[in-house]
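Structural overview
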Amino acid sequence: MTMSKLQIFSLIVVFAKGGLAQPLPVQWEELTAPDFVQAIRQSGGVCLLPFGIIEKHGPAGPLGTDLINVRHSSVEAAKKEYAVIFPEYYFGQIYEARHQPGTIAYSTRLQLELLQETTGEMARNGCSKIIVVNGHGGNTMLLQYFAQTQLDSPKDYIVYAYVSLGAPPNAAVPAAAAASGPNVDGHAGEGEIANVMASRPDLVRLARSDSQSGADLRRLDLPAGLVTGIGWYSRFPNHYAGNSSRATVARGQAATQMRVDSIVNVIRAVKADQTGPRLQKEFFDAARQPLNTKQ
Ligand SMILES: [Zn+2]
């Protein structure tokens, strides 16, 4: 095959510019050190920490379902609205699945310390705005608590926790992303397994969906608003809620697209947010001398 004069000219131009122009990877671990500097600049200091978990996902889903799904959506979103994505992170709250094979449940102290040190290290590397994208329901309260505790000492970065991953507010759920019927969604249910069929279809064992029950056993009869740690186990001892047997690639792709759009929306909002960092600085300055705060 011979090259045309135009092709040769294009190659010369490319090499004159310093090599083949490739888009910067979005994943932290895939960047070279010099490219990392460029990536932080390009992202405006906005970095994502997709937060998964390693736990049983019913009879059909892989242990890393939440980790795989949240990373897939975050990577696709960051390709559309550039942000740097921290490597695999799954050190969250999952005590309720300790009786199931493969669960990794770190101590409460370590969960908080590791998250604090991780966001601190991200900030030291230029991530001035850190978005923790939650992919696991059991992390929700941990993340809300973590976000609130960021006010405990002055910081030159800001942490945002995106705890309601899904459709942008007020967005209509397209029919393709809707459940096939009542009571099929839940932990490792139709929706979650459909999302794995979109992100890693090779890992789903759909035919095993009915090999265990995902029904709510309602074994604990307590007034509404009264919470106890064994509550989840009392309802779903198989660590399976709903039924994944009718999960489809089409539903997973439609729902994943909504998740990607919602993360793109969040990245853009955080990039534009000047008020949060300004008020946080104002707060830290005031908290040093509370007696000087106007009464
Ligand atoms: Zn899950």
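Residues numbered from 1 in each chain as written. Predicted model: local features only at pLDDT ≥ 70, side-chain atom pairs only at ≥ 80, totals over all residues. Heavy atoms only, no water.

Some remarks on the overall build of the protein chain
If you tally the helices and strands in the protein chain, you get nine helices and four strands. Going from the N terminus to the C terminus, the protein chain shows its helices and strands as α-α-β-α-β-α-β-α-β-α-α-α-α. Expressed as a percentage of its 295 residues, the buried residues of the protein chain come to 43%. Summarising the internal contacts of the protein chain: among those between residues at least 6 apart in sequence, 77% fall at separations of at least 24. Carbon and sulfur atoms make up 57% of the accessible area of the protein chain, which amounts to about 16,200 Å² in all. Within the protein chain, one finds 27 positive and 25 negative side-chain charges whose respective centroids are separated by 4 Å. (Helix = DSSP H or I, 4+ residues; strand = E, 2+ residues; numbered from the N terminus. Buried < 20%, exposed > 50% of the residue type's maximum accessible area, 1.4 Å probe, protein only. Contact = heavy atoms within 4.5 Å. Areas by Shrake-Rupley, 256 points an atom, 1.4 Å probe, with all protein chains shown as cover. Lys, Arg positive; Asp, Glu negative; His and termini not counted. Charge placed at Lys NZ, Arg CZ, Asp CG, Glu CD.)

Topic: the sheet that holds strand β1 (residues 46-51)
Read from one edge to the other, the open sheet built from four strands follows the order β2-β1-β3-β4, with strand pairing classed as parallel. At either end of the open sheet lies a strand with only one pairing partner, and these are β2 (84-85) and β4 (158-162). Relative to the sheet, helix α3 (residues 65-80) contacts β1, β2 and β3 (129-134), its axis offset from that of β1 by approximately 160°. Running over the sheet, helix α4 (residues 108-124) touches β1, β3 and β4 and is turned about 155° from β1. (Pairing = 2+ DSSP bridges. Axes fitted to C-alpha atoms, helices over the stretch in contact; angles between N-to-C directions.)

As for the packing of α3 against helix α8 (residues 249-272)
At a minimum axis separation of 8 Å, α3 and α8 run at an interaxial angle of 55°. Here α3 lies oblique to α8, going by the angle between them. For the pair α3 and α8, the sense of crossing is right-handed. Of the residues in α8, those touching α3 at Asn69, Val70, His72, Ser73, Ser74, Glu76, Ala77, Ala78 and Lys80 are Thr256, Gln257, Arg259, Val260, Asp261, Ile263, Val264, Ile267 and Arg268. Each residue belonging to the contact of α3 with α8 can be placed in one class, and the counts come to seven nonpolar, six polar and five charged. (Parallel < 35°, antiparallel > 145°, perpendicular 65-115°, else oblique. Left-handed = near helix turned anticlockwise from the far one by under 90°. Nonpolar A, V, L, I, M, F, W, Y, C, P; charged D, E, K, R; others polar.)

Observations regarding the packing of aromatic side chains
Counted by the stated rule, this structure contains nine aromatic pairs. With 5.1 Å between their ring centres and 80° between their planes, Phe51 and Tyr89 make a pair best called edge-to-face. Of this pair, Phe51 sits in strand β1 while Tyr89 is found in the loop between β2 and α4, placing the two residues 38 residues apart along the sequence. Exposure remark for Phe51: the relative accessible area of 0% places this residue in the buried category. Linked through ring pairs, Trp28, Phe36, Phe51, Phe86, Tyr89, Tyr90, Phe91 and Tyr106 together constitute an aromatic cluster. (Phe/Tyr/Trp six-rings, centres within 6.5 Å; stacked < 30°, edge-to-face > 60°.)

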